[in-house]
Amino acid sequence: MPDLERELRGLGESIAFPPTPDLAASVRARLPERTSSLWPRRLVLVAAVLGAAVVAGLAIPQARSAILRVFGIGALRVEYVDKLPAVEPRAALDLGPAISAEHAPFRLLESSLLGEPDGVYASGNVVTQLYGSPDRVRLLVTQISGHGLRSDVVKKVVGTTTNTDFVSIAGLSTQALWIEGAPHILSLPNAPDRLAANTLIWIQGNRTMRLEGAETLDEAVEIAQSFQ
Amino acid sequence: MHQAIAFRTAYLVVRSAEDAEEVAADAFLKAYRALGRFRRGKPFRPWLLTIVANEARNSLRGAARRQALALRVADQGRPGDAAPSPEAAAIGAERRSRLLEALDRLPDDQRLAVECRFFLELDEAETAAVLGVRRGTAKSRLSRALDRLREEVPEDA
C-alpha cells in the first residue's frame, strides 16, 4: 500500500468519532407517527371527523352524500362524492383467505422490483399481494381479472379533499389513475368498506391492478412498471 | 448491525453528533419503508448508505459550517489498550494533524471520498453510493484528492 494511503488509514484510527447512539430507539420513537401502517393516526382522526359528519347527515336524508361524478377504470368504479360516507375507522384489513400464489384463480403478475409478497389473499377474482404483515402493511397490490364485473362490486369513493389524476405510464397502453391525499373509501366484495391510502390503478392485459401504500406517484409508477 | 457505519457516514457529512443521529434514524426509517423496493440479492450496505448520504446532504442545506474532525487524545495508549496497528504506528502526531488540516481544505466531494475510503474503510461501491456518483467518478475523485494531499503534505515533510 502506498505510504500516503497507509498513513490515512492510520489517521482514520485516530479520529474521535462520537459514540454511536442507540439508533434503534430513535427509529422506534419515530415509528408510531410516521410509518405505523397505511392507517396512521392522522387518517383515523380524519375518519372520526368524517364519521361524525355523516352521522349528522343521516338524520337529514337530503344531506346525505351526493354522487358528483362516476366513472369506471377497468373493473373499478370510482365515485366522487361531496362527503364521504361513514366507515369503521379501524376496520380490520379483510383480504379474504390466504392462498399460495399457485392457487390463485388466474396467473398473477409479479413485480421484479418488490420480489415475492409476504402474503397472497384471494376473494373471488380479486387477489391481493401483501408486503409487510397484516397489522403493519407496507404495500398492497390487488389484481382483479377481467373488466366485466358488476359495476358496484369494487368501488372507490372519493371525497372532495382527495386528489385524483390521470397519468401515463411508459410501457402501458392505457392511462392510470392516481388517488392521493385525504383517504378515500375502498369497497371490495365480502369485506367491510375501509379507508385507503394513496393508490395507483392501472390496467394491464386483462387485469385491473391496484397499488396501495406508495408514498409518491413516482414510487408508484416505478413499482407499476415492474409488474410482468 | 449497520448502525455504526450509518451513523459515522452521516457524521462525516453533517459533522455534528446530534444531527448525525437524526439523519441516521431518518435514513433507517426511510430504508424500512422502502425495503420492498430493495432488490433481493443485491448488497444491502451501498443501498442503505445511499439513503443515509442523501438524508445527510438534505439536512445540510442552510446548516452552519461543519465542525472539524477531532483526533483522539488517548492515542499514546492506555494500559490494556490493544497495540496500535502498523498503520497507526506509522504516522506521528504532528503529521496526523497536518494531514487532517490538508484534508479539511479539500473540496467537500474529494474530502468525503478520502474519509469514506480510509476512515470508514468503505469499498469502492459503497464510497460511490455515499458520494452519489458512479464508481468511476468516485475513483477519480479519490485519486485527485490523494494527488492534492501528496502535494500539500509531502511525504518527507
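This structure is a prediction, so every number in the text was calculated from the model and none was measured.

1. A word on the overall build of chain A
Helix and strand counts for chain A stand at four helices and 13 strands. Taking all 228 residues of chain A together, the buried fraction comes to 34%.

2. Quick notes on the overall build of chain B
Counting secondary structure elements, chain B contains eight helices and zero strands. Listing each helix as α and each strand as β along chain B from the N terminus yields α-α-α-α-α-α-α-α. Sequence separation of 24 or more characterises 65% of the internal contacts of chain B that already satisfy a separation of 6 or more.

3. Digging into the nonpolar core
Where a protein is soluble and globular, its nonpolar side chains tend to be buried together. Counting residues in hydrophobic clusters, the biggest one holds 44 residues, and the most contacted among them are Ala10, Ala24, Phe28 and Val52 of chain B. Here this core takes eight residues from helix 2 (residues 17-33) of chain B, the largest share from any one element. For this core, the domains that each give at least three residues are domain 1 (3-60) and domain 2 (91-152) of chain B. Once residues within four sequence positions are removed from consideration, Phe28 of chain B is found in contact with Leu23 and Val27 of chain A together with Ala6 of chain B.

4. Thoughts on the sheet that holds strand 5 (residues 126-133) of chain A
All names here are of chain A. Strand order in this open sheet of eight strands is 3-4-5-6-13-12-9-8, and the pairing throughout is antiparallel. Across the chains shown, the open sheet's two edge strands, defined by having one partner strand only, are strand 3 (98-99) and strand 8 (162-168). In this sheet, strand 13 (residues 207-212) lies alongside strand 12 (residues 199-204) in antiparallel orientation, the contact comprising six bridges. By the bridge assignment, Gln204 is partnered in strand 13 with Arg207.

5. Thoughts on the interface of chain A and chain B
By convention, interface size is frequently given as the accessible area that disappears when the constituent parts associate. Of the residues lining the interface, 30 residues belong to chain A; the matching set on chain B comes to 37 residues. In terms of residue count, helix 1 (residues 3-14) of chain A provides more of the side of chain A that touches chain B than any other element does, twelve residues in total. Residues of the side of chain A that touches chain B, tallied by class, amount to 14 nonpolar, seven polar and nine charged.

6. Quick notes on the environment of Val127 of chain A
Residues and elements named next belong to chain A. Examined against the element boundaries, Val127 turns out to sit in strand 5. Look at Val127 and you get buried, because 24 C-beta atoms sit within 10 Å. Between the alpha carbons of Val127 and Ala98 there is a distance of 9.7 Å; along the sequence they are 29 residues apart. Apart from residues lying up to four places away in sequence, Val127 is in contact with Ala104, Leu108, Val120, Ala122 and Gln143.

7. Description of unusual backbone geometry
All names here are of chain B. Phi angles above zero are rare outside glycine, and Arg15 is one such case at about 55°. With respect to the helices and strands, the residue Arg15 is situated in the loop between helix 1 (3-14) and helix 2. Accessibility expressed as a C-beta count within 10 Å gives 18 for Arg15, which makes it partly exposed. Not every positive phi belongs to a glycine, and Glu121 is a case in point at roughly 55°.

8. Focus on the packing of helix 2 of chain B against helix 3 (residues 44-60) of chain B
Residue and element names in this part refer to chain B. Remark: helix 2 packs on helix 3, axes separated minimally by 9 Å, with the N-to-C direction vectors making an angle of 130°. Of the possible angle classes, the one that applies to helix 2 and helix 3 is oblique. For helix 2 against helix 3, the interelement crossing comes out right-handed. Facing helix 2, whose interface residues are Asp19, Glu22, Val23, Ala24, Asp26, Ala27, Lys30 and Ala31, helix 3 presents Leu48, Ile51, Val52, Glu55, Ala56 and Ser59. Of the residues in the contact of helix 2 with helix 3, the class split is eight nonpolar, one polar and five charged.

9. Digging into the packing of helix 6 (residues 108-119) of chain B against helix 7 (residues 124-131) of chain B
Residues and elements named next belong to chain B. Axis separation between helix 6 and helix 7 bottoms out at 10 Å; the angle between their running directions is 145°. As for how helix 6 packs across helix 7, the hand of that crossing is right-handed. In this structure, helix 6 uses Asp109, Leu112, Ala113, Cys116 and Arg117 to contact helix 7, whose residues at the interface are Thr127, Val130 and Leu131. When its residues are assigned to classes, the contact of helix 6 with helix 7 shows five nonpolar, one polar and two charged.

10. Considering the environment of Glu215 of chain A
Relative to the helices and strands, Glu215 of chain A resides in the loop between strand 13 and helix 4 (217-225). In this structure the C-alpha to C-alpha distance between Glu215 of chain A and Asn198 of chain A, which are 17 residues apart in sequence, comes to 6.9 Å.

11. Here's the deal with the confidence of the model for chain B
Residue and element names in this part refer to chain B. Per-residue confidence for chain B gives a mean pLDDT of 82, with 78% of residues at or over 70. Overall, residues 76-81 carries pLDDT values under 50, and its contacts beyond four positions in sequence, including any with other chains, amount to one contact. Confidence metrics for the complex model read pTM 0.48 and ipTM 0.84.

12. A closer look at the confidence of the model for chain A
All names here are of chain A. Looking at chain A, pLDDT values average 73 and 74% of them are 70 or higher. Looking at the elements of chain A, mean pLDDT is at its lowest for helix 3 (residues 41-59), recorded as 31, and at its highest for strand 3, recorded as 92. Scored below 50 in pLDDT, residues 33-64 shows 37 contacts in the model against residues more than four places distant or in partner chains. Across residues 149-153 the pLDDT falls below 50, and counting only partners more than four positions away or on other chains, this stretch makes six contacts in the model.

Parameters at a glance
Residues numbered from 1 in each chain as written. Chains lettered and ligands numbered in written order. Predicted model: local features only at pLDDT ≥ 70, side-chain atom pairs only at ≥ 80, totals over all residues. Helix = DSSP H or I, 4+ residues; strand = E, 2+ residues; numbered from the N terminus. Buried ≥ 20, exposed ≤ 12 C-beta atoms within 10 Å, placed from the backbone. Contact = placed C-beta atoms within 7 Å. Core = buried A, V, L, I, M, F, W, Y, C linked by C-beta atoms within 7 Å. Domains from an automatic or database assignment. Pairing = 2+ DSSP bridges. Nonpolar A, V, L, I, M, F, W, Y, C, P; charged D, E, K, R; others polar. Axes fitted to C-alpha atoms, helices over the stretch in contact; angles between N-to-C directions. Parallel < 35°, antiparallel > 145°, perpendicular 65-115°, else oblique. Left-handed = near helix turned anticlockwise from the far one by under 90°. pLDDT = per-residue confidence, 0-100.

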